[in-house]
Amino acid sequence: MIVGTAGHVDHGKTALVKALTGVDTDRLAEEKRRGITIDLGYAYTPEFGFVDVPGHERFIHTMLAGASGIDTALLVVALPEGIRPQTREHLQILTLLGIGRGVVALTKADLAPDRVPEVSADLRTLLAGTPFADAPMVPVSAFAGTGLEELRSALSAAAPPDREASGHPRLAVDRAFTLAGAGLIVTGTLVSGSIAVEDWLVLSPSGLEVRVRGLHAHNKPVRQAMAGQRVALNIAGPKLSKDAVTRGDWVLHPDIHAPTAALDARITLLPDVARALRQDTMVHLHLGASHTMARVSLLDRDRLEPGEATAVRLTLARPICALAHDRVVLRDTGATHTIGGGIVLDPFPPNRGRRTPVRLAQLRALESGAALGALRGLLAVAPGWADRAAFMRARNISAAAGADLVASVPAIAAGGLMLSPAAFDALRDTVLATLGRYHRTSPELPGLQADRLRLALPDRPPVAGFAAVLEALRQQEAIARDGPWFRLPDHRIGLSPRDEALWVAIRPLLAAERFRPPRVRDIASALSVPENAVRATMKRLTRMGQLVEVAADHFFPRETMAEMAAIAARAVDAQGLLTAAAFRDRLDNGRKVAIQILEFFDKAGVTVRSGDVRRVRTDRLGVFG
Ligand SMILES: Nc1nc2c(ncn2[C@@H]2O[C@H](COP(=O)(O)OP(=O)(O)OP(=O)(O)O)[C@@H](O)[C@H]2O)c(=O)[nH]1
Ligand SMILES: [Mg+2]
C-alpha cells in the first residue's frame, strides 16, 4: 500500500513518517537548513510505502507529483494550529485525484492534547462531502511516540482495492538519478500492468527505448513488479542518459506510447474559487507526475460557475502521455490556487466538430469508467462507430482483451473500426440504396467506386474502415465487385433499346475497315442519324469497355486495339525499336491515324517514346484485354 502524506507546512508530516519508519526523508541540505520539505521523500516498512510531500504552498506542484501515485492519504493536521490553507488545498487535490481512502493524523499531540475535540470537529465539517468524510482521526505525537500503533492499524484498515493488473505496464516517473555501479534509475508508481527484468519499454513522451536491467518493488529487488507498487527501475537504452528523463515522464509499453497535446476531459470547478471559469483560460495542468500549461475551452457553454462540472477541450503547451480516466488537476494561471480538476475522457480527440451535439454525446458515453460500458455507450450514439486502435489505446486494453471486448459489446469489427450492428445496417442500407439509384440512372455503367459511395453517406466513416465495410458486404453477397467498381449483385451492364439498335448498325461500319474506322461524323451521315446520338452511344460503349476513343470522335473496338498492340510488338526492328512508318505499313491506315494510335499507346503505357522511335512494353500488351 502506498501512503502519501498531505497537509499544511510544518504540521509534522516528515517527523511522523520518521516516527513510523525510522527514515528521515528530508535528505537535502536545503531542507535541513530551512526546516521544510522541498522534494518528495520516500520511506518503506514491510507493510507500507510512504511518499512524503512538502506542505509549503510554493511546492504544491511537487505535492501533486507525489500524490498522483498514492492510494491512501495520510492527512496531517497539527493540533496547535488546526486547519490551515494547505490543509484545505491538499484535501481538494486528493479529492480531485480520486484518492478515496485516508486517515487523519492529529499531530503534535504532546503540545496541545486538549485541542483534540475542537480540531476534530472542525475537520469533520471540512471533510463532510469528501471521500474522507468518515476517515479515522488519530491523535499522535512523533516526539512522544504516542498514537503510532493506532495510526498504523488505521492505515492498514484503509487498504485500497487492488489496482488494475491487466493492461500494458505504465509507470509514472517521479524521480530519476544515477547510481554508481548501476547506472540510470527511475522510480515511480506502477499504475497498471506488470514489469519484469529484461522487458523493453518506452520512455514517454520522448519515445526513447529502454531496457529493464533490474528492478525493485517497495525497495526490494524482484524479478517482476505489479500494478500498485512503488517501483525503481534500473534502465538502459541506446540513446538514454540521465538528462533524457525527468519527473513527469512515463515508462510504458510501446503500444500505449502516444503523446497527445489535446485532451477532452470532464472537469469540476471547485466551489470556493473566486470567479467563474471563462472560455480559453490558461491553466497549469497536472497529470500523473507531469505538469504543463494548457488552454481550457468549454465545450457546451461560455462560462463555468464555481461548483459546476462540464466537458472541456484541454489544449496543452506540449505533448504528454495521457490515457482515458487519468485524473487532471488544474491550477490558476499564476499557479497560486488549485481551481479544479477531473478525468480525461478522450486523450485522442478529433480536431473538428468538438462542440457538436454528436461529440458531446460521445463524451458523455466515455464518462463510464468501465471499458465495456464506455464502448456500448459510444456505439449507441451517432455515428455508431469508433476507431478501434484509439479506443483500445486510450483504455490500455491489450489486443486479446480488445477482441473479447468487441465480441461482448457486441460490435462489428471492420478494418480499424468498431461498428454497432445498427450502424453497420444503416451503412449497408445507404450503400444498397445509392447503388440501386445509380444503376437505374446509368444502366450502362459497371457501378460505383468506394470513394463515390463513401461521399454519398451522411456520416462518412474513415476510408480504410469503409473499405472494410464494403468488403464485409461483398462477403455477405449484399453487393458485388468488378475491379474497382461495386454494384448490386444482379446488376448487368446493359444498353437501352435505342443504343442497342444503333450499335448493331455501327458495328459493321467499324469492322469494314478496322484499322481505319470511320469517325463519328462519317457514321452519322452513313446511317442518317444525328452526330450527337452516335457520339453519345459510342461514349457509353466506351465506358462499358467495348470501344476505345483513340482521338476525339475516333473510336476503335477494344479487340482491334488489342490486335494493333500485338502488331506493334511484332513490328519492332532488330534493336527492339518501333518506328511510326513500320507500324503504318503493317496497318496500311495512313500516317496520321497510325501516329494517333501510337500516341494513345504511349498514354496507355503500351509504348514508350524516345525521339522518333518507341519501345513496346510487352508486359503491358494485355491492357486492352
Ligand atoms: N512538539 C512536537 N513537535 C513536532 C512534532 N512533529 C513535528 N514537530 C516539529 O514541527 C516542525 C515541523 O515538522 P516537519 O515534520 O518538518 O513538518 P512537515 O509537515 O514535514 O513540514 P513540510 O514538509 O515543510 O510541510 C519541526 O520543527 C518538528 O520538530 C511532534 O509530534 N511534537
Ligand atoms: Mg516535511
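Residues numbered from 1 in each chain as written. Chains lettered and ligands numbered in written order. Predicted model: local features only at pLDDT ≥ 70, side-chain atom pairs only at ≥ 80, totals over all residues. Heavy atoms only, no water.

Undergrad: What exactly am I supposed to notice about the overall build of the protein here?
TA: For the protein, the helix and strand inventory stands at 19 helices and 33 strands. Taken over the C-alpha trace, the protein has a radius of gyration of 37 Å; the compact-globule value for 625 residues is 25 Å, which it surpasses by more than 25%. By principal-axis analysis of the C-alpha atoms, the protein measures approximately 120 × 50 × 40 Å. When burial is assessed residue by residue, the protein has 50% of its 625 residues classed as buried. With an accessible surface of roughly 27,700 Å², the protein has 52% of that area assigned to carbon and sulfur atoms. Across the protein, the centroid of the 76 positively charged side chains sits 6 Å from that of the 66 negatively charged ones. (Helix = DSSP H or I, 4+ residues; strand = E, 2+ residues; numbered from the N terminus. Rg over C-alpha atoms; globule rule 2.2 N^0.38 Å. Buried < 20%, exposed > 50% of the residue type's maximum accessible area, 1.4 Å probe, protein only. Areas by Shrake-Rupley, 256 points an atom, 1.4 Å probe, with all protein chains shown as cover. Lys, Arg positive; Asp, Glu negative; His and termini not counted. Charge placed at Lys NZ, Arg CZ, Asp CG, Glu CD.)

Undergrad: Would you take a moment to explain the pairing of strand β5 (residues 102-107) for this structure?
TA: Looking along a regular strand, one sees side chains alternate from face to face of the sheet. Counting buried residues in β5 gives six out of six residues, a clear majority hidden from the surface. Neither face of β5 is open: one carries Gly-102, Val-104 and Leu-106, the other Val-103, Ala-105 and Thr-107, and all of them are buried. One ladder, built from six bridges, connects strand β4 (residues 72-78) with β5; its direction is parallel. Directly across from Leu-75, in β5, lies its bridge partner Val-104. Since β4 and β5 lie parallel, the crossover through helix α4 (residues 85-96) that links them has a hand, and here it is right-handed. Taken together, the three bridges between β5 and strand β6 (residues 137-139) define a ladder with parallel strand orientation. Across the sheet, the residue bridging to Ala-105 is Val-138, located in β6. Following the backbone out of β5, through helix α5 (residues 116-127) and into the adjacent parallel β6, one traces a crossover that is right-handed. (Pairing = 2+ DSSP bridges. Right-handed = clockwise from strand over helix to strand, strands pointing away.)

Undergrad: It is not clear to me how empty space enclosed by the protein should be interpreted in this structure. Could you clarify?
TA: If a probe as big as a water molecule is rolled over the atoms, it shows which places are left empty. Here the structure, examined in full by the defined rule, presents one cavity of 30 Å³ or more. Every residue lining the largest cavity is listed: Ala-65, Gly-66, Ser-68, Gly-69, Ala-172, Asp-174, Thr-189, Arg-230 and Ala-289. Of all the secondary structure elements, the ones that give two or more residues to the lining of the largest cavity are α3 (60-67) and β7 (170-179). Taken together, the residues that form the lining of the largest cavity break down as three nonpolar, four polar and two charged. (1 Å grid on protein atoms, 1.4 Å probe; cavity = no way out; pocket = protein on both sides within 12 Å on 5 of 7 lines; lining within 4 Å. Points joined across faces, edges and corners; volume = space filled by probe spheres on them. Nonpolar A, V, L, I, M, F, W, Y, C, P; charged D, E, K, R; others polar.)

Undergrad: Is there a simple way to explain the coordination of the magnesium ion (ligand 2) in this structure?
TA: Thr-14 (OG1) and Thr-37 (OG1) make up the full set of protein donors to the magnesium ion (ligand 2), lying at 1.9 to 2.0 Å. Here Thr-14 is found in helix α1 (residues 13-21), whereas its partner Thr-37 is found in the loop between α2 (29-34) and β2 (41-44), with 23 residues between them in sequence. By relative accessible area, which is 8% here, Thr-37 ends up buried. (Donors = N, O, S within 2.8 Å, 3.2 Å for Na, K, Ca; no water.)

Undergrad: Please clarify how the nonpolar core should be interpreted in this entry.
TA: Note on soluble globular proteins: their nonpolar side chains tend to be buried together. In this structure, Leu-94, Val-104, Leu-106, Ile-267, Leu-285 and Leu-287 are the most contacted members of the largest nonpolar core, which totals 65 residues. At five residues, α5 tops the list of elements feeding residues into this core. For Leu-285, the contacting residues outside a window of four places in its chain are Leu-263, Ser-290, His-291, Thr-292, Ala-294, Leu-314, Leu-316, Ile-320, Val-328, Val-329 and Leu-330. (Core = buried A, V, L, I, M, F, W, Y, C linked by side-chain atoms within 4.5 Å. Contact = heavy atoms within 4.5 Å.)

Undergrad: Sorry if this is basic, but what is going on with the site of ligand 1 here?
TA: Taken together, 19 residues lie near ligand 1, and Lys-13, Thr-14, Ala-15, Thr-37 and Asp-110 sit nearest. Within the contact set of ligand 1, an oxygen atom lies 3.2 Å away from a backbone nitrogen or oxygen of His-11. Thr-14 has a polar side-chain atom sitting 2.8 Å from an oxygen atom of ligand 1. Taking 640 Å² as the accessible area of ligand 1 by itself, protein coverage stands at 83%. Per-class residue counts for the shell around ligand 1 are eight nonpolar, seven polar and four charged. (Near = heavy atom within 4 Å. Polar contact = N/O pair within 3.5 Å; in protein donor to acceptor, adjacent residues only side chain to side chain.)

Undergrad: Which parts of the structure should I look at to understand the pattern of salt bridges?
TA: Pairing of side chains with opposite charge becomes possible as their charged atoms draw close. On inspection of all chains with the given rule, the structure shows 30 salt bridges. Its salt-bridge partner being Glu-367, residue Arg-266 comes within 3.4 Å of it at the nearest N-O pair. Here Arg-266, found in strand β16 (residues 260-269), pairs with Glu-367, found in the loop between α7 (357-365) and α8 (371-380); they are 101 residues apart in sequence, far enough to count as distant. Judged by its relative accessible area of 31%, Glu-367 is partly exposed. Taking the shortest distance from any N to any O, the salt bridge between Asp-346 and Arg-359 comes out at 2.9 Å. Taken together, the residues span a long stretch of sequence, with Asp-346 in strand β23 (residues 338-346) and Arg-359 in helix α7 at a distance of 13 residues. Overall, Asp-346 belongs to the buried group, its relative accessible area being 12%. Taken together, the shared-partner salt bridges connect Asp-264, Arg-313, Asp-346 and Arg-359 into one network. (Salt bridge = Lys/Arg side-chain N within 4 Å of Asp/Glu carboxyl O.)

Undergrad: Looking at this model, I keep getting lost on the packing of aromatic side chains. Mind explaining?
TA: Where two aromatic rings form a pair, the distance of their centres and the angle of their planes describe that pair. This model, assessed by the stated rule, comprises four aromatic pairs. Between Phe-601 and Phe-624, the ring centres sit 5.9 Å apart and the planes meet at 40 degrees, which makes this aromatic pair tilted. Within this pair, whereas Phe-601 is found in helix α19 (residues 591-604), its partner Phe-624 is found in the segment after β33 (613-616), the two being separated by 23 residues in sequence. The pair Phe-601 / Phe-624 is uniform in exposure class, with both members buried. Put simply, the rings of Phe-583, Phe-600, Phe-601 and Phe-624 pair up and form one aromatic cluster. (Phe/Tyr/Trp six-rings, centres within 6.5 Å; stacked < 30°, edge-to-face > 60°.)

Undergrad: I tried to follow the packing of helix α14 (residues 497-512) against helix α16 (residues 531-543) on my own but got confused; where do I start?
TA: A pair of packed helices is captured by two measures, namely the crossing angle of their axes and the spacing between those axes. Their axes nearest at 10 Å, the elements α14 and α16 cross at an angle of 85 degrees. As judged from the angle between their axes, α14 and α16 are roughly perpendicular. The residues of α16 that touch α14, namely those facing Asp-499, Leu-502, Trp-503, Ile-506 and Leu-510, are Ala-533, Val-534, Thr-537, Met-538, Arg-540 and Leu-541. Here the residues of the contact of α14 with α16 sort into eight nonpolar, one polar and two charged. (Axes fitted to C-alpha atoms, helices over the stretch in contact; angles between N-to-C directions. Parallel < 35°, antiparallel > 145°, perpendicular 65-115°, else oblique.)

Undergrad: Sorry if this is basic, but what is going on with the packing of helix α11 (residues 421-441) against helix α13 (residues 463-475) here?
TA: Contact geometry of α11 with α13 gives a least axis separation of 11 Å together with a crossing angle of 75 degrees. Judged by the angle between their axes, α11 and α13 are roughly perpendicular. Facing α11, whose interface residues are Phe-424, Leu-427, Arg-428 and Val-431, α13 presents Phe-466, Val-469, Leu-470, Ala-472 and Leu-473. Split by residue class, the contact of α11 with α13 holds eight nonpolar, no polar and one charged.

Undergrad: Just to check I follow, could you spell out the sheet that holds strand β22 (residues 327-331) for this structure?
TA: Paired through their backbone hydrogen bonds, the strands of a sheet run either parallel or antiparallel. Here we have six strands rolled up into a closed barrel, ordered β16-β21-β19-β18-β22-β23, and antiparallel in their pairing. The average undirected angle you get between the axes of adjacent strands in this sheet is 40 degrees. Bridge count for strand β18 (residues 281-287) against β22 is four bridges, and the pairing is antiparallel. What sits directly across from His-286, in β22, is Val-329.

Undergrad: Any chance you could explain unusual backbone geometry here in plain terms?
TA: Excluding glycine, residues mostly have negative phi values, and the peptide bonds linking residues are mostly trans. In the segment running from Ala-382 into Pro-383, the intervening peptide bond is cis, with an omega of -5 degrees. Following the sequence through the fold, Pro-383 ends up in the loop between α8 and β24 (385-387). At His-218, a position not held by glycine, the phi torsion is positive, near 45 degrees. Note on placement: His-218 falls in the loop between β11 (209-217) and β12 (220-222). Judged by its relative accessible area of 17%, His-218 is buried. Within the chain, Asn-396 stands out as a residue other than glycine whose phi angle is a positive 55 degrees.

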